[in-house]
Amino acid sequence: MACLKGCSNSQKKWAIASGVSVALVFAIGMALSFTLQQHKHAGCQPEAACRPDADMLDYLLSQGRINQRDGLLVTWYHRANTLAAMEAALSGDSMVLEADVTVEGFNTINETGVPIMAHPPDIYSDNTLQHWLESVLTTSQKGIKLDFKSLNSLGPSLDILRQLTKSGRVQRPVWINADILKGPNVPISIEVNATSFLAIVQEKYPEATLSPGWTTFYLPPILNRTYTRAMVEEMHSLVGELPQKVTFPVRAFMTRSAWPHFSWLLDQSDRYTLTLWQGDKDPMLVDDLLYIRDNTAPHQIYYDLFEPILSQFKKLAANTTRKQVYYTGGSLIPALLSPEGDGLSVEWLVPGIQGNESTATLILPEREGMILLDIGLQDPAAKDPVPVVRVPEAPSLTLESCLLQLATRPGRWGVHLHIAEPTALRPSLAVLAHLSTLGHLPRPVWVGATLSHGSFEVSGHVAGREFFAAVDEVFPHVTVAPGWPEEALGSGYSEQLLTDMLELCQGLWQPVSFQLQAGRLDQSVAGVVTKLLAASPRATVTVEHSSARGSYAAVRAGLLAARAMNKTQVYYRLPQDFREDLLADVGRN
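Below is a short write-up of the structure.

### Some points on the nonpolar core
Item 1. Among the nonpolar cores identified, the biggest contains 73 residues, and Trp132 and Ile176 are the most heavily contacted of them.
Item 2. Apart from residues no more than four positions distant in its own chain, Trp132 is found in contact with Ala80, Asn81, Met86, Leu97, Ala99, Met117, Asn127, Ile144 and Leu146.
Item 3. Among the nonpolar cores identified, the runner-up in size contains 72 residues, and Leu406, Trp484, Phe514 and Leu521 belong to it.

The following block contains the structure:
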C-alpha cells in the first residue's frame, strides 16, 4: 500500500490486485479450514459416543451406520495391514477395521521398536501404525480394533494412541485385542502374558475397550474340545474388577457347546460382550448361531463371520416366526423378559390335567409365562421311582410325559418345577437331563424346593446341601429356586435366616431366584430383597402368595415394597386376581 503515492497507475493497479488476491486466498483458506473442522466433528454427536472408551454400538448408531443396538448389524474388515489393504478397507463400507500390530524386525537383530502393521509370521511392512492411524482417523469414521500378538509392540503403540487422543484426534471407539490365556486344544503356552498386557493398557491407554481372548486350535478328530468352565472363570478373575468395557473374542463354532460357561460370563457384568470369530475351515452351523442369538440380548454379541454363513444366519435371525430354542439354565431374559423389562409382566401359570392315568393330558390357559408344576413320586417305594405332576383332584401325569407335551407348545414360556416331596428331587433331575440330551427342553427351567438348613432346619423338607449337590451332580443347567419353610417364618425373614441361606448358596454357579412369602415381608428385617439380590449377579427374587394365606389387601404393602427395590429382578407368583390388583396399584403409582 505504500506504493499508492508516487507510483504509476499500472503499478497501483497491480498492487491493489495483489492485495485483493492475498485477501481472497486468506479468506478461502479460512473458510476451507473452518469447513474441514466442521466436517471433522459434525458427524460425531453426542460426545459420549465419540470417544475411545465409547460403546461401539452407540458410536455406530451416532454415525447413522446402524439403526439399533444390535451387534449383528456391525460389519468388519480383517487384516487391513498393508497400504493396499488399508486403502481397500477405507474405501469399502465395513464399519470396523481390524489390523495387526507388531514391531519392525520382531525378534531379530534388526528389531527397531517401531510399531508396524503386519500379521505373524511377517515382521516387515510397508505401513507403520502411525501412518495407519493417521489415515484411518483422517479419512474415515470407522471403528478401530488393534490386535497384538506380543508385548513388544503394545507399549509403543499405546503411546502413539495416547498422543493422538490428547490432540483430540481419536473420536471413536478403540479396541485392544490379545490372546492372554491358553484355550481349547492348545498344548503349549503361546499366549501374551495376561498380567503384563492388562497392566500396560491400564497405565498407558485405559480408554480402550479390552478384547482379551484365549488361544485356540482345532484338529479333528483328536483336538476338538471346547472352552471349559475353568478357562472362562479364570478370564473373569483377570478382568472382573477392571473399569473398562470388555468384549471377549470367542471361536464361534466352539461357543454353543460351552454355552453354560459363556451364559455365566455374560451375567457377571453389563460391561461384558462376546465377539464371535470364525476360522477359515471351522465347521460352523447356522443353528448354533441362532441358539446363541436366542439366548442373548442383541447388544451382547458381535458376529465377525465369513460369507456365506453370515448372510444365511442374518436371514434366519430376521425370521420372527421361527421356533426359538433357549438354554435351560438361562435367565428369563430374553425368553420371557426384555433386558430392561418388568418382572411383574412374567405370569406364573398353574396347569390342569384331564383324562385318566393312561391318557392324561395337560391343560394350560392361553397365556404365556412360567408353568408351575408340583412334583411328587408315583410310587415312592419303587426301585426306580417315577416323578409325576400333581394337580388337586386330577389324575397324575408323569413328569416326562408332561414335558414332552410342553415341548410342542408354541409361544414364550418356561417351566418351574417345585419339588413337593424330597425323594422326588433326583429322579426329577434325571428326567430333565434325559430330555435335554434329546433336545426336548427348549425353554428355561427352574427347580425349586422348600429347604431345611441351619436356623431353618425343619423335618420333612429337602436338606439344603443335598438340594444343591443333586443339582450339580445330576442336571446343573437350571435356575435354582430355594425357599424357607413356613414353620421358620414366625417372625418374618430374620438376619439369621438370610445369613444361613446365603451361606448355603455361597459359590453358587447357577442362576438363583429366592422364593419369598409376601405375607412375611412386613415382619422382616429391613432390606431383605436388596440383600438377596446382592448375593450374586445372577440372583433374582420371586415373591409368592396364595389366596389361602390371606387377601390381597393383607400383603399389598409387602408387594409394593419389594417392587420398589427392583423392577427387573423381582418376580411375582400370585393368583391371577391378585396380580391384576397389583398391576392396577402399580399403574396408579
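### Quick look at unusual backbone geometry
Item 1. A cis amide bond links Glu307 with the next residue in sequence, Pro308, at an omega value of 5 degrees.
Item 2. The residue after Ile333, namely Pro334, is reached through a cis peptide bond having omega 5 degrees.
Item 3. Tracing the sequence through the fold places Pro334 in the loop between α10 (309-317) and β10 (348-349).
Item 4. A positive phi is found at Arg79, a non-glycine position, where the angle reads about 50 degrees.
Item 5. Despite not being glycine, Asn107 has its phi angle at roughly 65 degrees, a positive value.
Item 6. Tracing the sequence through the fold places Asn107 in the loop between β2 (96-103) and β3 (115-117).
Item 7. The exposure class of Asn107 is exposed, given its relative accessible area of 64%.

### Concerning the environment of Glu347
Item 1. As for its position among the elements, Glu347 is in the loop between α10 and β10.
Item 2. A relative accessible area of 7% places Glu347 in the buried class.
Item 3. Distance from Glu347 to Leu504, taken between C-alpha atoms, is 28 Å for residues 157 residues apart in sequence.
Item 4. Ignoring any residue separated from it by four or fewer positions in sequence, one finds Glu347 in contact with Arg367, Glu368, Gly369, Met370, Gln576 and Arg579.

### Remarks on the pairing of strand β5 (residues 174-182)
The two faces of a sheet get side chains in turn, since along a regular strand they alternate between them.
Item 1. Across the nine residues of β5, seven count as buried, placing the element largely inside the fold.
Item 2. Sheet analysis places strand β4 (residues 143-148) next to β5, joined by four bridges and oriented parallel. By the bridge assignment for β5, Lys145 is matched with Trp175.
Item 3. Assessed by its sense of winding, the connection that carries the chain from β4 through helix α5 (residues 154-166) to β5 is right-handed.

### What to know about the pattern of salt bridges
Item 1. The final tally for this structure, using the stated rule, is 27 salt bridges.
Item 2. Note that Glu486 is salt-bridged to Arg520, the shortest N-O span being 3.9 Å. Here Arg520 lies in the loop between β20 (512-517) and α15 (528-533) and Glu486 lies in the loop between β19 (479-483) and α14 (495-504), a separation of 34 residues in the sequence.
Item 3. Each of Glu486, Arg520, Glu544, Arg549 and Arg573 takes part in one network of salt bridges that share partners.

### What to know about the packing of helix α16 (residues 552-565) against helix α17 (residues 576-588)
For any two helices packed against each other, one specifies the crossing angle of their axes together with the interaxial distance.
Item 1. Packing of α16 against α17 brings their axes to within 11 Å, and their N-to-C directions diverge by 55 degrees. Relative to α17, α16 is oriented oblique. Crossing angle aside, the handedness with which α16 passes α17 is right-handed. Seen from α16, the contacting residues are Tyr552, Arg556, Leu559, Leu560 and Arg563; seen from α17, they are Phe578, Asp581, Leu582, Asp585 and Val586.
Item 2. Across the contact of α16 with α17, the residue classes break down as six nonpolar, no polar and four charged.

### Description of the pairing of β20
Item 1. Within β20, six of the six residues are buried, which leaves it mostly tucked inside the rest of the structure.
Item 2. Where burial is concerned, the two faces of β20 agree: the one with Val512, Phe514 and Leu516 and the one with Ser513, Gln515 and Gln517 are both buried.
Item 3. Pairing of β19 with β20, which is carried by two bridges, proceeds in the parallel orientation. Among the inter-strand pairings, Gly483 is bridged to a residue of β20, identified as Gln515.
Item 4. For the crossover from β19 across α14 to β20, the handedness is right-handed.
Item 5. Across six bridges, β20 lies against strand β21 (residues 539-544) in parallel orientation. Across the sheet, Gln515 pairs through a bridge with Thr542, a residue of β21.
Item 6. What joins β20 to β21 is α15, and the crossover it makes is right-handed.

Definitions and limits used
- Residues numbered from 1 in each chain as written.
- Predicted model: local features only at pLDDT ≥ 70, side-chain atom pairs only at ≥ 80, totals over all residues.
- Heavy atoms only, no water.
- Core = buried A, V, L, I, M, F, W, Y, C linked by side-chain atoms within 4.5 Å.
- Buried < 20%, exposed > 50% of the residue type's maximum accessible area, 1.4 Å probe, protein only.
- Contact = heavy atoms within 4.5 Å.
- Helix = DSSP H or I, 4+ residues; strand = E, 2+ residues; numbered from the N terminus.
- Pairing = 2+ DSSP bridges.
- Right-handed = clockwise from strand over helix to strand, strands pointing away.
- Salt bridge = Lys/Arg side-chain N within 4 Å of Asp/Glu carboxyl O.
- Axes fitted to C-alpha atoms, helices over the stretch in contact; angles between N-to-C directions.
- Parallel < 35°, antiparallel > 145°, perpendicular 65-115°, else oblique.
- Left-handed = near helix turned anticlockwise from the far one by under 90°.
- Nonpolar A, V, L, I, M, F, W, Y, C, P; charged D, E, K, R; others polar.

Coordinates in, geometry out; function isn't part of it.
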